[in-house]
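Survey of secondary and tertiary structure
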Protein chains: 2
Amino acid sequence: MAAAPDPAPGRARAAPLLGIVALDLGRYYQAPYAGLLMANAGADVIKVEAVGGEPMRSRRNSGNSYASVMLNSNKRDITLNLKHARGRDLLRELVKRADVLLENFAPGVMDRMGIGYAALREQNPRLVYGSGTGFGLSGPDRDGLALDPVIQAHAGVAAVTGAADGPPFKAGPAIADFLSGTHLYAGVMTALFERERTGLGRLVEVAMQETIYPTLASNLAAMHYQGLAATRTGNRHGTVAPYNLYRARDGHVAVLCTTEEQWHKLLLAMGKPELQHDPRFANNKARLQNLQDTDAAVEAWTSELTRADVFEIAKRAGIPAAAVRELDEVMRDPHMHQRGMLMWIEHPELGKMVVPRSPIRYQDSAFPEFRVAAELGEHNRQIYCDWLGLDESELDQLRADGTI
Amino acid sequence: MAAAPDPAPGRARAAPLLGIVALDLGRYYQAPYAGLLMANAGADVIKVEAVGGEPMRSRRNSGNSYASVMLNSNKRDITLNLKHARGRDLLRELVKRADVLLENFAPGVMDRMGIGYAALREQNPRLVYGSGTGFGLSGPDRDGLALDPVIQAHAGVAAVTGAADGPPFKAGPAIADFLSGTHLYAGVMTALFERERTGLGRLVEVAMQETIYPTLASNLAAMHYQGLAATRTGNRHGTVAPYNLYRARDGHVAVLCTTEEQWHKLLLAMGKPELQHDPRFANNKARLQNLQDTDAAVEAWTSELTRADVFEIAKRAGIPAAAVRELDEVMRDPHMHQRGMLMWIEHPELGKMVVPRSPIRYQDSAFPEFRVAAELGEHNRQIYCDWLGLDESELDQLRADGTI
């Protein structure tokens, strides 16, 4: 192992994945998000798309959808028809030169085409192969068709979201897709680390359903202690008060206190320090027993303020509270823009829009220079000719017969 | 790099993180979940707790809460008072021997105690230091107090969850905690991989808020194309039909069709293939224009069936559909138990309960042998005496003066 000299703190360092090549065969969010995180850590991520483009691209009947532009920054892009024998040959050639392959086809799809992990490891035993599925590569439910809302229903998210006396709701964001995409990236990195020590790659497997289970820890605990009925509590919490969404002048805010210290700070901010001595609010247990009064006292304060006021006061006073922000506010968030997590771009088709970089930062390394999501097949020549060594006439032939 | 011989496929391999030592200073879910994923990948994870135990442990006024048992399997456990100078000295000694440190204190807490990354890298330049926070280590909102529901409100989750004409809801699971915990693990692994090549560790930083943004891709796209009002759609989807939660005989089911092929399969399963030719349902656009009729047609079918029937039929027929399952059903899920993701244990205090392993699997390596979450300070002697080399009388003294 070559130990580089210790650079001075603050001095720029190369991105951590410089020199790593990943083939991203992902569709929609799960595997493409893993690819995005790799690209923002400095890897050369090559998106390998069907000849007509992956579904995320075409939903808006154009080559670039809002989501595909969000998810595919800093990747190169090639087309490849895996239903053609020649296409599968080309994939094998790519695999020989790559470190990582990411895919989220249904279980068995790659195997049935003869390009599953068992086959590809013959081409490259150092390959780390990341498989993202809904239910996993084994077990009785393996072949269930998994889309984010289906997994949210099946895995327990819908049952614990919404009011206790109302219908179940799915969580608005695609949490099963992104939780599993993040686990997929983490698993791939763990196997890449291991490869440095053993010289061997791995199949790494992540099931969307299984990434949900740990996130239910609080709800499962409530069920254990208080029974099933305690698992859906709207915006309240069965054992903490105050803890709710409250009305503000211009919408809602979240306010909660998990310690007495926070409650006392909140009372000070509310200008009601005397309530500290009110027996209804003497401690968390008393506040739970007087939940309506507790919530009313907090809302009497929030309802006189704007959401932004509540957030600023809470930040200064050390109270856990924030605005329920609409998506346009989130998209324009000065904090995330200042930190470089979000950036405005002018997209040739979509116009002015915001793209995310990565929620993972490596101190002393800036994100790689931004490159907008590529057009379909934009790097076919670079990859197939410059990298794999095909000549121009072969490229033309591949295009003509629909292989790329 | 030592290249081990290629084992036969299916032959057992060591867990990928065997030999890696991580100090888990985490509280509640974010950093402790990163530690859990490391432990299940074979790392030696040492949970470093305050002398009274971390908050997750004490919520139930006992040494073991349901959540702390879920999150801390396969970790060793020591106590350490970082407010004592001697405690901070001991942390520095631990850091000299460790590969990874995980923490999710508020920004600046570790620095103010003189044991932030800048100080610890002096002890061990190979250390990978993972920092999990709510808003990040920089920026105007850095010091906001972040708990999962606060981040859900601030980051846009609540705004897109719930009915279009109803109040905002937080998602029931602690998605900000766990999304960020997973990113934290991924970032740490990326830096560990890099360290094999450079010999140098890193500070890796993850903000809860920023891990939410990408999960809103579909909602942000809806806003881009249709405006802000399109971002909260209950259980429907603005551009896909059918897509909803429907009543079944014993609860609700999720059903959606993203392709015409799936719609045709659904009609066959419903015993209504003739509706394929009904102009109201001729294609996705027509179904959106006749949304009430579309939903009514699907619900006429689901309402005659149990949730389990719908899931089994859908699995066989290739329709994306599943039951809205209650948490007790999820906890008992035969599929996840068969796959080894979930297991029953008999806990001495909590009784019969289910614990998760890890959603990340490494083919040919079983999960490490299960060890139940340790008691507070259970491994003080092992770590402080056997590993750091203190003698018994020193250990007694540390206990006596409240340092451990």
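The rules behind these values
Residues numbered from 1 in each chain as written. Chains lettered and ligands numbered in written order. Predicted model: local features only at pLDDT ≥ 70, side-chain atom pairs only at ≥ 80, totals over all residues. Buried ≥ 20, exposed ≤ 12 C-beta atoms within 10 Å, placed from the backbone. Helix = DSSP H or I, 4+ residues; strand = E, 2+ residues; numbered from the N terminus. Pairing = 2+ DSSP bridges. Least-squares fit on C-alpha atoms with pLDDT ≥ 70 in both. Axes fitted to C-alpha atoms, helices over the stretch in contact; angles between N-to-C directions. Parallel < 35°, antiparallel > 145°, perpendicular 65-115°, else oblique. Left-handed = near helix turned anticlockwise from the far one by under 90°. Contact = placed C-beta atoms within 7 Å. Nonpolar A, V, L, I, M, F, W, Y, C, P; charged D, E, K, R; others polar.

Turning our eyes to something else, we now look at the pairing of strand E7 (residues 243-248) of chain A. Along any regular strand, the residues point their side chains to alternate faces of the sheet. All names here are of chain A. E7 sits mainly inside the fold: 5 of its 6 residues count as buried. With 6 bridges joining them, E7 and strand E8 (residues 251-256) adopt antiparallel strand pairing. Bridge pairing in E8 places Leu245 opposite Ala254.

Overlaying chain A on chain B yields an RMSD of 0.0 Å, the required transformation being a rotation through 180° with an accompanying axial translation of 0.0 Å. In the structure described here, the two chain copies are related by an operation that fits a two-fold rotation axis.

This part is about the packing of helix H1 (residues 30-40) of chain A against helix H8 (residues 175-198) of chain A. Residues and elements named next belong to chain A. Between H1 and H8, the shortest axis-to-axis distance is 7 Å and the interhelical angle comes to 50°. Relative to H8, the element H1 lies oblique. For the pair H1 and H8, the crossing hand works out as right-handed. Contacts between H1 and H8 involve Gln30, Ala31, Tyr33, Ala34, Leu37 and Met38 on the former and, on the latter, Asp177, Phe178, Ser180, Gly181, Thr182, Leu184, Tyr185 and Val188.

Before going further, it helps to spend a moment on the packing of H8 of chain A against helix H8 (residues 175-198) of chain B. Packed helix pairs are specified by the crossing angle of their axes together with the interaxial distance, meaning the distance between the axes. One way to put it is that H8 of chain A packs onto H8 of chain B with a least axis distance of 8 Å and a crossing angle of 20°. The pairing of H8 of chain A with H8 of chain B is recorded here as roughly parallel in orientation. Crossing of H8 of chain A against H8 of chain B: the hand is left-handed. For the pair H8 of chain A and H8 of chain B, the contacting residues are Ile175, Phe178, Leu179, Thr182, His183, Tyr185, Ala186, Met189, Thr190, Leu192, Phe193 and Glu196 of chain A in the first and Ile175, Phe178, Leu179, Thr182, His183, Tyr185, Ala186, Met189, Thr190, Leu192, Phe193 and Glu196 of chain B in the second. Across the contact of H8 of chain A with H8 of chain B, the residue classes break down as 16 nonpolar, 6 polar and 2 charged.

Take unusual backbone geometry next. All names here are of chain A. A cis geometry characterises the amide bond from Ala241 onward to Pro242, with omega recorded as 0°. Relative to the helices and strands, Pro242 is located in the loop between helix H10 (217-226) and E7. The residue Asn74 is not glycine, and still its phi comes out positive at about 60°. As for its position among the elements, Asn74 is in the loop between helix H3 (66-71) and strand E3 (75-79). Taking the C-beta count within 10 Å as the criterion, Asn74 has 25 such neighbours and is therefore assigned buried.

What follows concerns the interface of chain A and chain B. Interfaces are often sized by the amount of accessible area the parts lose when they come together. With 128 residues of chain A in contact, the opposing surface of chain B contributes 127 residues. Per-element accounting of the side of chain A that touches chain B gives the leading share, 16 residues, to H8 of chain A. Of the residues belonging to the side of chain A that touches chain B, the class tally is 81 nonpolar, 31 polar and 16 charged. Relative to strand E12 (residues 360-362) of chain B, strand E6 (residues 202-207) of chain A runs antiparallel, the two being bridged by 3 bridges. Within E12 of chain B, the position partnered with Glu205 of chain A by the bridge is Arg361 of chain B.

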